[in-house]
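A look at the structure
Here's the letter readout for the chains.
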Amino acid sequence: MPHIREAAGGTVTEALSPRSRSRGTLWARLGLRTRVTVMFGMGALLLSASMGGLSYFTTRHFLVSERGTASTHQAYVNASLIRKELRAGSTQLVPLLVQADSGTAGSDSVLEVAGQWYARSFSVSRSDLPRSFRRLVLSGSAATQTFQLYGAPEFAVGIPIPSVHAVYFEVFAISDLGGTLRVLALALFAAGLVTTILGAAIGRSASGRSLRPLTGVSRAAVAIAGGRLDTRLQAASDDPDLVGLTTSFNQMVDQLQERIEREARFTSDVSHELRSPLTTLSASLGVLEGYRTELPPQAIRALNLLTAELRRFERMVSDLLEISRSDAGSADVSLEEVTAGELIQRSVAANVRGLYGDPIPPEIRVDPDIYTARLRVDKRRFERIMANLLENAAIYAGGATSVEAHYGPQRHDGRSTIRVSVIDHGAGLDRSERTKVFERFYRGHSSGKRGAGTGTGLGLALVAEHTRLNDGRVWAEEAEGGGACFVVELPIVNGTIT
Ligand SMILES: Nc1ncnc2c1ncn2[C@@H]1O[C@H](COP(=O)(O)OP(=O)(O)O)[C@@H](O)[C@H]1O
Ligand SMILES: [Mg+2]
């Protein structure tokens, strides 16, 4: 495997056209973890609300009926006391009521004897009793009733005492019951809130735990997609569910790796096999060249055609060999530290000479402070990158107008970058073509131009491959004022400039 193989390498096809997010419902877009958290929270809320409601209403029912029974009992005791006194001929009725009430806290009583009304205090009188309740009791039926008096809840007991032609009413304040119930409701609400938060927290932590293996899978998948085919999942736990996932994932990658390597080997073998007949053909053509002057014009034309096609074929084979080597992971990358300015200048100078009718050499514009920036690159590969880009500019756009180098933005891994752009003012590339040109054997519509006969459609694919092996990326954009601009981005050593 080469030393440098990273997802950031190669072309920036993906970076420039990010996959559009799936547009589901809002719920689906929340993400699995959030959804599980919400579900757990809702479950806890439902549970605590129903348990709380049940507790509240049961307690309330119990407290009210308990208080009702006690109050009724008390009222009957008082009523029998009054009956006894009235029978004994007592006429001091108000002191009698006061005496009857003395044992009961928070109650007031009203007495009717032969059409006359007596009240123990000013706080509750005859008119304060609900009319229907009063009538019912006066008609001879004992009854109880809950009602509001001056905004406070009261419990009234009415007891007819026919033997002395009297009716006894006792009114109990039950506002303390309301207070107790309010405290209870508040406590239950707080408990419900805590349960809901706890439920959501448990959901979040549980979903986090169960999704953790998936994070590993996703990281491994990204690494594999980035070319690190030897990435495997670690069988970290004995969990039978996870062991199954890990095993099948690793098996899948094994098969994938084997297949990719087999295909790369095949291409490499084919290219190798083609080399020796090509050498023979080349040698035979050389012999024929020696007889050029003796050949008739048609044969010379055929000879020219044959020579051109053979050159193209040779180049294709050597490009294929190079590509298949990096596919198989057997590309040798020899990295050395160089200063950016020198590297750019040398590789441009080495490549502009002898290109299709010697176009005007491109202007080299390197930011002065980039000149000393240190890069760790494979020089041969960088020169191949520049050679292919300059050659394309020469073929398709009459030569590159400038080669520029500027600082790029910082990368995700925190390293600073430089961007080397090869700019021409030819026809440029359609937006749809800008990523396709880096595909293998892709030849655009401008490939019918002068000198294009030598093209194989592998030039830019190799540029992408070389850039990836140099830990960089490459893409095409439109040059200012029209034309093509190919940008190669490479990281700077330590992200610092010396
Ligand atoms: N500077 C350029 N201007 C316009 N088109 C270009 C330029 N460079 C490359 N292309 C297009 O990209 C295609 C792919 O280029 P390349 O991979 O080098 O293959 P080849 O040069 O063998 O056709 C070319 O066929 C051409 O259409
Ligand atoms: Mg080319």
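The model shown is predicted, which means the values in this text are computed figures rather than measured ones. (Residues numbered from 1 in each chain as written. Chains lettered and ligands numbered in written order. Predicted model: local features only at pLDDT ≥ 70, side-chain atom pairs only at ≥ 80, totals over all residues.)

**Structural notes on the site of ligand 1**
Spelled out, the test is: A molecule or strand has a residue near it when that residue's C-beta atom, placed from backbone coordinates, lies within 6 Å of it. Every helix listed is a DSSP run of H or I at least four residues long, and every strand listed is a run of E at least two residues long, numbered separately from the N terminus. Residues are grouped as follows: Ala, Val, Leu, Ile, Met, Phe, Trp, Tyr, Cys and Pro are nonpolar; Asp, Glu, Lys and Arg are charged; all remaining types, including Gly, are polar.
Not every one of the 22 residues close to ligand 1 is listed here, only the nearest: Asn392, Gly444, Gly455, Gly459 and Leu460. Looking at the shell around ligand 1, the elements with two or more residues in it are helix 10 (379–397) and helix 12 (459–469). With five residues, helix 10 is the single largest residue contributor to the shell around ligand 1. Classifying every residue of the shell around ligand 1 by side-chain character gives 10 nonpolar, 10 polar and two charged.

**Here's the deal with the pairing of strand 2 (residues 116–119)**
Let me state the cut-off plainly: When DSSP locates at least two bridges between a pair of strands, those strands are taken to pair.
Summarising the sheet, strand 1 (residues 107–113) and strand 2 pair through four bridges and their orientation is antiparallel. Note that in strand 2 the partner of valine 110 across the bridge is alanine 119. Here strand 1 folds back onto strand 2 in antiparallel fashion, the turn holding two residues, of which alanine 114 has a positive phi close to 50 degrees.

**Brief notes about the nonpolar core**
Our working rule: Think of a nonpolar core as buried Ala, Val, Leu, Ile, Met, Phe, Trp, Tyr and Cys residues, each tied to the set through C-beta atoms within 7 Å. Partly exposed residues are those whose C-beta has more than 12 but fewer than 20 other C-beta atoms within 10 Å; with 20 or more the residue is buried, with 12 or fewer it is exposed, and the C-beta atoms are placed from the backbone. By definition, residue pairs are in contact when their C-beta atoms, positioned from the backbone, come within 7 Å.
Within the largest apolar cluster, 47 residues are counted, with the highest numbers of intra-cluster contacts made by Ala340, Leu389, Ala393, Ile418, Val422 and Phe486. No other element matches the 10 residues that helix 10 contributes to this core. When residues no more than four places from it in sequence are discounted, the contact partners of alanine 340 are Ile370, Tyr371, Ala373, Leu375, Ala405 and Ile418. Counting 22 residues, the second largest nonpolar core, distinct from the first, contains Ala75, Ile82, Val110 and Leu129.

**A closer look at the packing of helix 8 (residues 297–327) against helix 12**
Quick note on the threshold: Fitting a line to C-alpha atoms yields each axis, with helices limited to the stretch in contact; the angle taken between N-to-C directions then spans 0 to 180 degrees. Each crossing gets its hand from how the near helix is turned against the far one by less than a right angle, where anticlockwise is left-handed and clockwise is right-handed.
Two elements in contact, helix 8 and helix 12, have axes separated by 10 Å at closest approach and are oriented at 35 degrees. Helix 8 and helix 12 meet at a crossing whose hand is left-handed. Within the contact between the two elements, helix 8 uses Asp319, Glu322, Ile323 and Ser326 and helix 12 uses Ala461, Leu462, Glu465 and Leu469. Broken down by class, the residue content of the contact of helix 8 with helix 12 amounts to four nonpolar, one polar and three charged.

**Observations regarding the environment of arginine 292**
Here arginine 292 lies in the loop between helix 7 (240–290) and helix 8. As a C-alpha pair, arginine 292 and leucine 303 span 11 residues in sequence and 8.4 Å in three-dimensional space. If sequence neighbours within four positions are ignored, arginine 292 has contacts with Ile300 and Leu303.

**Notes on helix 8**
Selection criterion: Between the first and last residue of a helix there are one fewer steps than residues, each counted as 1.5 Å, and that sum is the expected span.
Across its 31 residues, helix 8 extends 45 Å between first and last C-alpha, which sits within 8% of the 45 Å expected from 1.5 Å per residue. Of all the positions in helix 8, only Asp319, Leu320, Glu322, Ile323, Ser324 and Ser326 are classed as buried. Where helix 8 is buried, its residues meet helix 7 and helix 12. A positive backbone phi angle near 80 degrees is found at glycine 329, which sits one or two residues after helix 8.

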